[in-house]
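Read off the chains here:
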Amino acid sequence: MNIAVFCSGNGSNFQAIVDSLKDDLSTKVALMVCDNPEAFALQRARKEGIKSVLIERKKFKNKEEFENEIIKNLEQENIELICLAGFMRIIGPTLLKKYPNSIINIHPALLPAFKGAHAIRDALEAKAKTTGVTVHFVDREMDHGPIILQETVEIGENDTEESLAERIHKIEHQLYPKTIKLFVAGKLKIEGRKVKIS
Ligand code: GRF
């Protein structure tokens, strides 16, 4: 199965996904879609010899045209699974309709807690004792679709945003590849808001 990873920034999850699939004959990261010319993720793709496309939202009249350009690129690579990995945009109906139940996202908190772009900071500021990582299917609402896998991360008294982020990222780098393998193996079934894992 050909998969695409969407990035806007560092791309450490992209790297972890690529590394985890190196000896996997059934699954290939065939494309990175990036919306930010400054993203370090683009350099990672180059180094790995993985095709990347830079598609900037500001170059398009509206979200639909932006997503149609993305779809054109996905179709060229026969993409069957889209993994959002630090992609800082809400997926619109054009992409969702084209790839039903085939777009997943990773979020650095235990959804539905701490949605949004500052989940790690928000958990610290809330004085939560536990946070974690969620991988979920993407739907029309941000950080909302059916949850696939979650793992907890304890918050220590002396944690800073940086130290907590480091532990969260370590978990992310295991949980995302694990989810992708379940998806590719056909082991995820969505029943309403529930994801059954066989
Ligand atoms: C991760 O923490 C992910 O959960 C969130 O954005 C961050 C991306 O990090 N959605 P990276 O670009 O993969 O290093």
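Shown above is the structure to which this text applies.
What counts, and at which threshold
- Residues numbered from 1 in each chain as written.
- Predicted model: local features only at pLDDT ≥ 70, side-chain atom pairs only at ≥ 80, totals over all residues.
- Heavy atoms only, no water.
- Phe/Tyr/Trp six-rings, centres within 6.5 Å; stacked < 30°, edge-to-face > 60°.
- Helix = DSSP H or I, 4+ residues; strand = E, 2+ residues; numbered from the N terminus.
- Buried < 20%, exposed > 50% of the residue type's maximum accessible area, 1.4 Å probe, protein only.
- Lys NZ or Arg CZ within 6 Å of the ring centre and 35° of its normal.
- Near = heavy atom within 4 Å.
- Polar contact = N/O pair within 3.5 Å; in protein donor to acceptor, adjacent residues only side chain to side chain.
- Areas by Shrake-Rupley, 256 points an atom, 1.4 Å probe, with all protein chains shown as cover.

**Thoughts on the packing of aromatic side chains**
This model, assessed by the stated rule, comprises three aromatic pairs. Consider the rings of Phe 6 and Phe 87, whose centres lie 5.2 Å apart with planes at 75°: the pair is edge-to-face. In this pair, Phe 6 sits in strand β1 (residues 2–7) while Phe 87 sits in the loop between β4 (79–84) and α4 (93–98), placing the two residues 81 residues apart along the sequence. You'll find Phe 6 and Phe 87 in the same group, each marked buried. Both rings, one in Phe 137 and one in Phe 183, keep their centres 6.4 Å apart while their planes meet at 55°; by these two values the pair is tilted. Here Phe 183 lies in helix α6 (residues 161–184) and Phe 137 lies in strand β6 (residues 130–137), a separation of 46 residues in the sequence. Its relative accessible area of 15% is what places Phe 183 among the buried residues. One cation-aromatic arrangement involves Arg 89 over Phe 66; the distance from NZ or CZ to the ring centre is 5.7 Å.

**Some words on the site of the ligand**
Every residue close to the ligand is listed here: Asn 10, Gly 11, Ser 12, Asn 13, Gly 86, Ile 106, His 107, Pro 108, His 169 and Glu 172. In the environment of the ligand, an oxygen atom lies 3.5 Å from a nitrogen or oxygen atom belonging to the side chain of Asn 10. Take Gly 11: an N or O atom from its main chain is 2.8 Å from an oxygen atom of the ligand. For the ligand, the accessible surface in isolation is 370 Å², of which the surrounding protein chains cover 85%. Put simply, the parts of the chain that give the shell around the ligand at least two residues each are α1 (12–20), β5 (103–107) and α6.

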